[in-house]
Amino acid sequence: INPIPTVSAGLDLIICTGQTAVLTGNGAATYSWDNNVTNGVVFTPNPAISSYTVTGTTAAGCSATDQMIIQVIPSPPVSFSPDLTLGCSPFTVNFTNTTLNSVNCNWDMGDGNQLNGCGTVSNTFIQAGCYDVTLTVTYATGCTASLITPNSVCVEPNPIASFVTTPSILNEYDTQATFNNTSVGGSTYEWDFGDNTAGSFDSDPTHDYAQAGLGNFLVTLIAYSPLGCIDSVQSVIQIKEDLLFYIPNTFTPDEDQFNQLFQPVFTSGFDPYDYTMLIYDRWGELIFETHNTNIGWNGTYGINRGLVQDGTYNW
């Protein structure tokens with residue numbers, strides 16, 4: 001007569017939802033568990049089943065049973081919500097933990113930042129891209145659980161505003177500038193030409209500075225992405241006085257009040273201390289000379305300073 005074994009299923013367990021367990025019988029040679037449990041193999045207990053029975057059998061074929069209780073502590077599901085999910089860099093998002101009975105919370109923002117707090121936390125995303133955000137919660141029971149949300153937040157890159165002006169330096173006789181928009185990532189544009197006139201929303205506008213006068217004008221381009229992300233760039237347009245040397249080809253020294261002197265007209269760009277004007281007749285004789293820009297030829301020649309004949313004279 002062989003003895004009946006004293007079989008032990010082990011101590012009762014208390015575990016958290018989702019945790020695993022290993023059941024191992026003692027006191028016999030082989031063991032068989034109910035509820036599809038295999039002796040010594042890891043499994044995840046079903047919260048709806050609390051009782052597990054093992055049947056232990058000796059080498060002689062005698063058997064006995066034992067029972068253990070596994071209590072699965074239910075935990076509320078982990079949940080959180082961001083106030084924004086799509087934006088421009090830098091993009092600040094507030095995350096609110098909505099998990100019940102949470103006492104300790106750790107956040108992984110997916111951009112290298114780790115935050116703690118079971119209320120509302122804030123994170124600023126700098127680099128463009130989409131980020132997986134993970135919340136790990138510890139409950140009042142001591143159990144932990146996690147939730148990862150793929151692509152929870154996406155940051156759109158800002159456009160790069162740039163433009164080229166042709167020409168970059170204007171004068172009072174050439175006052176029109178053409179702006180070649182070389183921006184990257186923009187879909188709409190706003191121009192301020194810096195002369196207190198109406199701007200433009202064209203991509204490559206042309207602007208006339210005829211009414212602006214001389215000076216420097218700060219041109220601003222703002223580029224907007226499809227999402228509304230912005231970038232701006234500024235450049236100076238110069239309007240300079242034109243270097244004009246005007247020399248008439250005819251004058252009438254007839255003692256009326258008009259055109260009595262042959263005299264060049266300079267607006268700028270000359271050295272008054274390095275100035276010479278010589279006038280010759282058709283035979284190459286020098287008939288007038290001056291080194292003063294304020295002195296012109298009145299059409300006379302010789303000791304008596306009489307008027308020369310009508311004709312053509314070289315200067």
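Heads up: the structure comes first, above all this text.
Here's what I pulled together on the structure shown here. Counting from 1, residues in each chain are numbered in the order their sequence is written. Thresholds applied to this predicted model are a pLDDT of at least 70 for local features of residues and 80 or more for the giving and counting of side-chain atom pairs; totals over whole chains, interfaces and linings are not thresholded and use all residues. With hydrogens and water stripped out, all remaining heavy atoms of the structure feed into the side-chain values.

A separate point is the overall build of the protein chain. Helix and strand definitions follow DSSP, with helices as H or I runs of at least four residues and strands as E runs of at least two, each counted in order from the N terminus. From N to C terminus, the protein chain includes zero helices and 27 strands. Whereas a compact globule of 315 residues would reach a radius of gyration of roughly 20 Å, the protein chain reaches 47 Å, over 25% beyond that. Considered along the principal axes of its C-alpha atoms, the protein chain spans approximately 165 × 35 × 30 Å. The proportion of buried residues among the 315 residues of the protein chain is 30%. Counted over contacts in the protein chain with a minimum sequence separation of 6, partners at least 24 positions apart contribute 51%. The method behind every accessible area is Shrake-Rupley, applied with a 1.4 Å probe, and residues are considered shielded solely by the protein chains displayed. On the protein chain, roughly 18800 Å² of surface is accessible, and the fraction owed to carbon and sulfur atoms is 51%. For a compact globule the rule gives 2.2 Å times the number of residues to the power 0.38, and the radius of gyration it is set against comes from C-alpha atoms. The rule is simple: take the accessible area with a 1.4 Å probe, protein chains only, and divide by the maximum for that residue type; under 20% is buried, over 50% is exposed, in between is partly exposed. For this analysis, residues touch if any pair of their heavy atoms sits within 4.5 Å.

Within the element layout of this structure, Gly-185 appears in the loop between strand 17 (176–181) and strand 18 (188–192). Counting along the chain gives 41 residues from Gly-185 to Pro-226, while the straight-line C-alpha distance between them is 8.5 Å. Those residues in contact with Gly-185, other than ones at most four positions away along the chain, are Pro-159, Tyr-224, Ser-225 and Pro-226.

Looking now at unusual backbone geometry. Going from Ser-89 to Pro-90, the amide bond is cis rather than trans, its omega being -10°. Residues Thr-166 and Pro-167 are joined by a peptide bond in cis, for which omega reads -15°. Non-glycine residue Asn-151 carries a positive phi angle of around 50°. When you line up the elements, Asn-151 lands in strand 14 (residues 144–156).

Time to look at the packing of aromatic side chains. To pair, rings of Phe, Tyr and Trp, with the six-membered ring standing in for Trp, must have centres within 6.5 Å; the planes then decide the type, stacked if under 30 degrees apart, edge-to-face if over 60, and tilted in the middle. For the coordinates displayed, the defined rule picks out 18 aromatic pairs. Among the aromatic residues, ring-to-ring pairing joins Phe-80, Phe-95, Trp-107, Phe-125 and Tyr-131 into one connected group. The residue whose ring lies beneath Arg-282 is Trp-283, and the NZ or CZ to ring-centre distance is 5.5 Å. For a ring to carry a charge above it, either NZ of a lysine or CZ of an arginine must fall within 6 Å of the ring centroid while also lying within 35 degrees of the normal to the ring plane.

Our next topic: the nonpolar core. The biggest cluster of nonpolar side chains holds 20 residues, and the ones touching the most others in it are Phe-95, Trp-107, Met-109, Phe-125, Leu-135 and Val-153. Of all the elements in the fold, those that place two or more residues in this core are strand 9 (91–97), strand 10 (102–108), strand 12 (120–125), strand 13 (129–139) and strand 14. Here this core takes five residues from strand 13, the largest share from any one element. Leu-135 has contacts with Val-78, Ser-79, Phe-80, Asn-97, Thr-99, Cys-105, Asn-106, Trp-107, Ala-145, Ser-146 and Leu-147, leaving out every residue within four places of it along the chain. In plain words, nonpolar cores are sets of buried Ala, Val, Leu, Ile, Met, Phe, Trp, Tyr and Cys residues tied together by side-chain atoms within 4.5 Å. Residues Ala-161, Phe-163, Val-219 and Ala-223 belong to the second largest nonpolar core, which totals 15 residues.

Take the state of the cysteines next. Whenever a pair of cysteine sulfur atoms sits within 2.5 Å, that pair is classed as a disulfide. A full pass over the atoms with the stated rule returns four disulfides. Paired through a disulfide, Cys-88 and Cys-229 show a sulfur-sulfur distance of 1.9 Å. Measuring handedness by torsion sign, the sulfur bridge of Cys-88 and Cys-229 sits at about -90° and is left-handed. Taken together, the residues span a long stretch of sequence, with Cys-88 in strand 8 (residues 86–88) and Cys-229 in the loop between strand 20 (215–224) and strand 21 (230–240) at a distance of 141 residues. One disulfide bridge connects Cys-130 with Cys-154, the sulfur atoms lying 2.0 Å from each other.

With that out of the way, let us pick up the sheet that holds strand 18. The strand order across the open sheet built from four strands is 16-21-20-18, with neighbouring strands paired in mixed fashion. At either margin of the open sheet sits one strand with a lone partner, and together these are strand 16 (169–171) and strand 18. In this sheet, neighbouring strand axes are inclined to one another by 25° on average, regardless of whether the strands run parallel or antiparallel. Criterion used throughout: strands pair if DSSP finds at least two bridges between them. In this sheet, strand 21 lies alongside strand 16 in parallel orientation, the contact comprising three bridges. Residue pairing in the sheet places Leu-170 in a bridge with Ile-239 of strand 21. Where helices are involved, their axes are fitted lines through C-alpha atoms of the stretch in contact, as for all axes, and angles between N-to-C directions lie from 0 to 180°.

Another aspect to go through is the pairing of strand 5 (residues 51–57). Alternating positions in strand 5 separate cleanly, Tyr-52, Val-54 and Gly-56 being buried on one face and Ser-51, Thr-53, Thr-55 and Thr-57 remaining unburied on the opposite face. Where strand 3 (residues 30–33) lies against strand 5, four bridges are found, and the strand directions are antiparallel. Paired with Trp-33 across the two strands is Val-54, which belongs to strand 5. Here strand 5 folds back onto strand 6 (residues 63–73), and the loop between the two strands holds five residues, one of which, Gly-61, carries a positive phi near 95°.

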